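# Topology and contacts: notes
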Amino acid sequence: MQTTSESPQLSSTPFEVRDGVLHCEDVPATELVRRWGTPLYVYALNEIRKRYRALEEALAPVPHLIAYAVKANGNLAILRTMQEMGAGADIVSHGEMHRARLAGIPADRIVFSGVGKTVHEIGAALKEGIYAFNVESEGELHAISDVATAMGTTANVALRVNPDVHASGTHEYMRTGHATAKFGIDINRARDIYRKAARMQGIRVRGVDTHIGSQILDVKPFQTALERLLTLVDDLRSDGMEPEFVDLGGGIGIPYGEDESGIDLRSFADAVVPAIRETGLRLVVEPGRFLVGPAGLLLTRVLYTKQGGGKDFVIADAGMNDLMRPSHYAGYHEIVPVEPQGREPLEVDVVGPICETGDFLARARRLESTKAGELLAVKTVGAYGFAMSSVYNQRPRAAEVVVDGGEATLARRRETLDDLVAAESEVELLDG
Ligand SMILES: *Cc1c(COP(=O)(O)O)cnc(C)c1O
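Attention in this report is confined to the structure presented alongside it. (Residues numbered from 1 in each chain as written. Predicted model: local features only at pLDDT ≥ 70, side-chain atom pairs only at ≥ 80, totals over all residues. Heavy atoms only, no water.)

### So, the overall build of the chain
- The helix and strand tally for the chain stands at 12 helices and 21 strands.
- For the chain, the C-alpha radius of gyration of 23 Å lies close to 22 Å, the compact-globule estimate for 432 residues.
- For the C-alpha atoms alone, the extent of the chain along its principal axes is close to 70 × 60 × 45 Å.
- Contacts spanning at least 24 positions in sequence make up 70% of the contacts within the chain whose residues lie at least 6 apart.
- By element, 48% of the accessible surface of the chain is carried by carbon and sulfur atoms, the whole surface being about 18600 Å².
- Between the mean site of the 46 positive side-chain charges and the mean site of the 61 negative ones, the chain shows a separation of 1 Å. (Helix = DSSP H or I, 4+ residues; strand = E, 2+ residues; numbered from the N terminus. Rg over C-alpha atoms; globule rule 2.2 N^0.38 Å. Contact = heavy atoms within 4.5 Å. Areas by Shrake-Rupley, 256 points an atom, 1.4 Å probe, with all protein chains shown as cover. Lys, Arg positive; Asp, Glu negative; His and termini not counted. Charge placed at Lys NZ, Arg CZ, Asp CG, Glu CD.)

### Some remarks on the nonpolar core
- Judged by nonpolar contacts, the single largest core of 115 residues is most densely connected at Phe133, Tyr194 and Val350.
- For this core, the leading source of residues is helix H8 (residues 220–238), giving 8 residues.
- A domain split of this core shows at least three residues from each of domain 1 (8–43 + 293–421) and domain 2 (113–287).
- Excluding anything up to four places from it in sequence, Val350 contacts Val314, Ala316, Ile335, Phe360, Leu361, Ala362, Leu367 and Leu376.
- Of all hydrophobic cores here, the second largest spans 22 residues; its members include Phe15, Val27, Leu40 and Leu297. (Core = buried A, V, L, I, M, F, W, Y, C linked by side-chain atoms within 4.5 Å. Buried < 20%, exposed > 50% of the residue type's maximum accessible area, 1.4 Å probe, protein only. Domains from an automatic or database assignment.)

### Overview of the site of the ligand
- Lining the immediate surroundings of the ligand are 14 residues, of which Lys71, Ser214, Glu286, Arg289 and Tyr384 lie closest.
- With respect to the ligand, the backbone of Gly288 contributes an N or O atom lying 2.9 Å from an oxygen atom.
- Residue Tyr384 places a side-chain N or O atom 2.6 Å away from an oxygen atom belonging to the ligand.
- Within the complex, 94% of the 390 Å² of free accessible area of the ligand lies under protein.
- In terms of residue class, the shell around the ligand is made up of 3 nonpolar, 6 polar and 5 charged. (Near = heavy atom within 4 Å. Polar contact = N/O pair within 3.5 Å; in protein donor to acceptor, adjacent residues only side chain to side chain. Nonpolar A, V, L, I, M, F, W, Y, C, P; charged D, E, K, R; others polar.)

### Thoughts on unusual backbone geometry
- That bond from Thr38 to Pro39 is cis: its omega, -10°, falls within 30 degrees of zero.
- Its place among the elements puts Pro39 in the loop between helix H1 (29–36) and strand E4 (40–44).
- Even without glycine at this site, Ala364 takes up a positive phi of about 45°.
- For Ala364, a relative accessible area of 48% gives the class partly exposed.
- Positive phi outside glycine occurs at Gln394, with the angle close to 55°.
- On the secondary structure map, Gln394 appears in the loop between strand E19 (375–379) and strand E20 (399–404).

### Topic: the side chain of His23
- Looking at the element boundaries, His23 is found in strand E2 (residues 21–24).
- A distance of 2.8 Å separates the side chain of His23 from the backbone oxygen of Val21, its partner in a polar contact.
- For His23, the contacting residues outside a window of four places in its chain are Pro14, Phe15, Glu16, Arg18, Pro28 and Ala29.

### Topic: the environment of Leu141
- With respect to the element layout, Leu141 can be found in helix H6 (residues 138–151).
- Residue class for Leu141 comes out buried when judged on its relative accessible area of 0%.
- When neighbours within four sequence positions are excluded, Leu141 is seen to be in contact with Val135, Val157, Leu159, Ile193, Ala197, Met200 and Ile203.

### A closer look at the side chain of Glu415
- For Glu415, the position within the fold is in the loop between strand E21 (407–412) and helix H12 (417–421).
- Under the relative-accessibility criterion, Glu415 is labelled buried at 11%.
- In terms of polar contacts, Glu415 uses its side chain to reach the side chain of Arg412, at 3.1 Å.
- Filtering out sequence-adjacent residues up to four positions away, Glu415 remains in contact with Val391, Pro396, Arg397 and Leu420.

### Re the packing of helix H4 (residues 94–102) against helix H5 (residues 119–128)
- The geometry of H4 relative to H5 is characterised by a closest axis approach of 10 Å and an angle of 25° between their N-to-C directions. In terms of orientation, H4 and H5 fall into the roughly parallel class. H5 is crossed by H4, and the crossing has left-handed handedness. Each of His94, Met97 and Arg101 in H4 lies in contact with H5, whose residues at this interface are His120, Glu121, Ala124, Ala125 and Glu128.
- Taken together, the residues of the contact of H4 with H5 sort by class into 3 nonpolar, 2 polar and 3 charged. (Axes fitted to C-alpha atoms, helices over the stretch in contact; angles between N-to-C directions. Parallel < 35°, antiparallel > 145°, perpendicular 65-115°, else oblique. Left-handed = near helix turned anticlockwise from the far one by under 90°.)

### With respect to helix H7 (residues 187–199)
- The end-to-end C-alpha distance of H7, which contains 13 residues, comes to 19 Å, matching closely the 18 Å that a straight helix rising 1.5 Å per residue would cover.
- Here H7 has its buried residues at Ile187, Ala190, Ile193, Tyr194 and Ala197.
- Contact partners of the buried residues in H7: H6, strand E9 (155–162), strand E10 (185–186), strand E11 (203–209) and H8.
- Looking at where H7 begins, the residue whose side-chain oxygen comes 3.0 Å from the main-chain nitrogen of Asn188 is Asp186. (Expected span 1.5 Å × (residues − 1).)

### Some words on the packing of aromatic side chains
- Tallying each qualifying case throughout the model produces 5 aromatic pairs.
- Judged by centre distance (5.1 Å) and plane angle (40°), the ring pair of Tyr131 and Phe245 falls under tilted. Of the two residues, Tyr131 sits in the loop between H5 and strand E8 (132–135) while Phe245 sits in strand E12 (residues 245–247), which places them 114 residues apart along the sequence.
- In this structure Tyr131 comes out as buried when scored by relative accessible area, which is 4%.
- Taken together, Tyr41, Tyr43 and Phe386 form an aromatic cluster joined through their ring pairs. (Phe/Tyr/Trp six-rings, centres within 6.5 Å; stacked < 30°, edge-to-face > 60°.)

Now the structure itself:
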């Protein structure tokens, strides 16, 4: 049945049907729903640990830092798991730094990425003492220099260079490493800007950085990007700088469809590790999706089924506000019944309750026919699932649960109607 392939050690899944019920690790999904309702995000912690260890092993021949991309899933229970594994964090905002530090991730394992860091955020990160800023423009470099100088401190920086590598096969919105993307600094200008950086007050050049995109299923773009970065490292060394790390960003792809393959970690390591070893640099990677994507499940209840325009619709209680990937990235997520009955498959659109045509979880999908009241599980939602959810249509956000073997723990309670209006509480609506 399970034909997805990644590295051999990653081929098992934490979500299996036992005694007719889909389990998350050792807990029946029906039990989770009974306790916490739907829609419900569930994360298998042992799957995350397994994936972290596999990556750790692949990179073992070189000094390295796995800086988990917090934006993929910032739940504190997930971050705590990362911290326990020894991970660092890749952050893109003050809010993410706050979470990473709350979870106990040491500041000297935090890298700060993002095109639009504010002066306030720069100051906060300097105060924490983070490992490095991944600087995305010359303007930002000046801002960091100014803030660091005013604080009487020195900022560790890498320039995020744009190596003009095309990661084909990914959705347009997931590509970041082509020359016309808003991200990074043109690699042809990088040497000049590094020279300026080396002379700037409050700045210490510590490394080079890139991030070429997300959900990349081929090692070639990583290899090409790395070659270009290492050429730059040579230039910087000729110019008297001593970079100590190369940050390859995130983007390691995972299988979403049943017949898809993720990146094979051994091929990834073969493509990058020997070249880095020669340079003596520390390798930083910023995986998000790879670590948490396959560990997440979204449980949803079928509210209604109906036919219209020659189509069959399954209307679920989870919508695009809960899981944005299908409508935003045309993301594919496998959907399975929680209690399979062996009924005939039917081609259906699985849609949510939101007042938008773009509100769907799957379109034209062959799915065992379902009835109102039954439960479905949407797979591979651990990354960019809850993290991108909203309260659009004033739907309180789903609860999140972590499962560790046979134990399930609430990691974030379901939002309430009060939560929805809490930030507006100063408006005295009822006295008008
Ligand atoms: C989004 C992002 C990541 C994580 O990407 P994944 O595809 O989830 O691994 C890493 N680094 C940067 C700079 C990012 O923007």
